[in-house]
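Understanding the architecture of this molecule
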Amino acid sequence: MAMIGTTIFSHILPVICGFFAFVLMISGALEENRNKLGFGIALFVIACIFPYLILSTLV
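I will try to describe carefully the structure that is included in this document. (Residues numbered from 1 in each chain as written. Predicted model: local features only at pLDDT ≥ 70, side-chain atom pairs only at ≥ 80, totals over all residues. Heavy atoms only, no water.)

Right, let's get into the overall build of the protein. Helix and strand counts for the protein come out as 2 helices and 0 strands. Relative to a compact globule of 59 residues, whose C-alpha radius of gyration would be 10 Å, the protein shows 14 Å and is clearly more extended. Each of the three principal axes of the protein carries a C-alpha extent, and together these read 45 × 15 × 10 Å. Within the protein, buried positions represent 19% of all 59 residues. Counting every atom, the protein has about 4500 Å² of accessible surface; 77% of that belongs to carbon and sulfur. (Helix = DSSP H or I, 4+ residues; strand = E, 2+ residues; numbered from the N terminus. Rg over C-alpha atoms; globule rule 2.2 N^0.38 Å. Buried < 20%, exposed > 50% of the residue type's maximum accessible area, 1.4 Å probe, protein only. Areas by Shrake-Rupley, 256 points an atom, 1.4 Å probe, with all protein chains shown as cover.)

Structure follows, in structure tokens:
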């Protein structure tokens, strides 16, 4: 039986982080702002790795 927090960490938070990552990447690319672009790329990588790190400790 799955724990209560697994849905939040596996489906909700990565999607929210991924959405904001794409917004930051597009905004940084269009404004030629390397800080926004770099933060968007880093946030996307975190959103991809985050579920594996958290869920491996929860389950």
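On the surface, a nonpolar cluster with roughly 760 Å² of combined accessible area is contributed by Phe22, Ile26, Leu30, Ile41, Phe44, Val45, Ile49 and Leu53. Among the elements that make up the nonpolar patch, the one with the highest residue count is helix H2 (residues 34-58) (5 residues). In this structure, isoleucine 41 sits in helix H2. (Patch = residues over 30% accessible without salt bridge, like charges linked within 9 Å, V, L, I, M, F, W, Y side chains within 5 Å. Salt bridge = Lys/Arg side-chain N within 4 Å of Asp/Glu carboxyl O.)

Turning to the packing of helix H1 (residues 6-31) against H2, a few remarks are in order. Running from amino to carboxyl end, H1 crosses H2 at an angle of 170°, the nearest separation of the two axes being 6 Å. With respect to their mutual orientation, H1 and H2 come out roughly antiparallel. Classifying every residue of the contact of H1 with H2 by side-chain character gives 21 nonpolar, 6 polar and 2 charged. (Axes fitted to C-alpha atoms, helices over the stretch in contact; angles between N-to-C directions. Parallel < 35°, antiparallel > 145°, perpendicular 65-115°, else oblique. Nonpolar A, V, L, I, M, F, W, Y, C, P; charged D, E, K, R; others polar.)

Once that is clear, we can look at the packing of aromatic side chains. Centre-to-centre distance and the angle between the planes together describe a pair of aromatic rings. A complete count under the given rule lists 2 aromatic pairs for this structure. Each ring, one from phenylalanine 19 and one from phenylalanine 20, has its centre 5.5 Å from the other, and the planes form 65°; the classification is edge-to-face. A residue is classified by how much of its surface remains accessible, and phenylalanine 20, at 45% relative accessible area, is partly exposed. Pairing phenylalanine 22 with phenylalanine 44 gives two aromatic rings, centres 5.3 Å apart and planes at 50°, and the pair type is tilted. One end of the pair, phenylalanine 22, is in helix H1; the other, phenylalanine 44, is in helix H2, and 22 residues separate them in sequence. (Phe/Tyr/Trp six-rings, centres within 6.5 Å; stacked < 30°, edge-to-face > 60°.)

Glancing now at unusual backbone geometry. Although it is not a glycine, glutamate 32 adopts a positive phi angle of roughly 55°. By the element assignment, glutamate 32 lies in the loop between H1 and H2.

The subject of this paragraph is the environment of glutamate 32. For glutamate 32, a relative accessible area of 71% translates into the label exposed. When the C-alpha atoms of glutamate 32 and alanine 42 are compared, they prove to be 17 Å apart, with 10 residues separating the residues in sequence.

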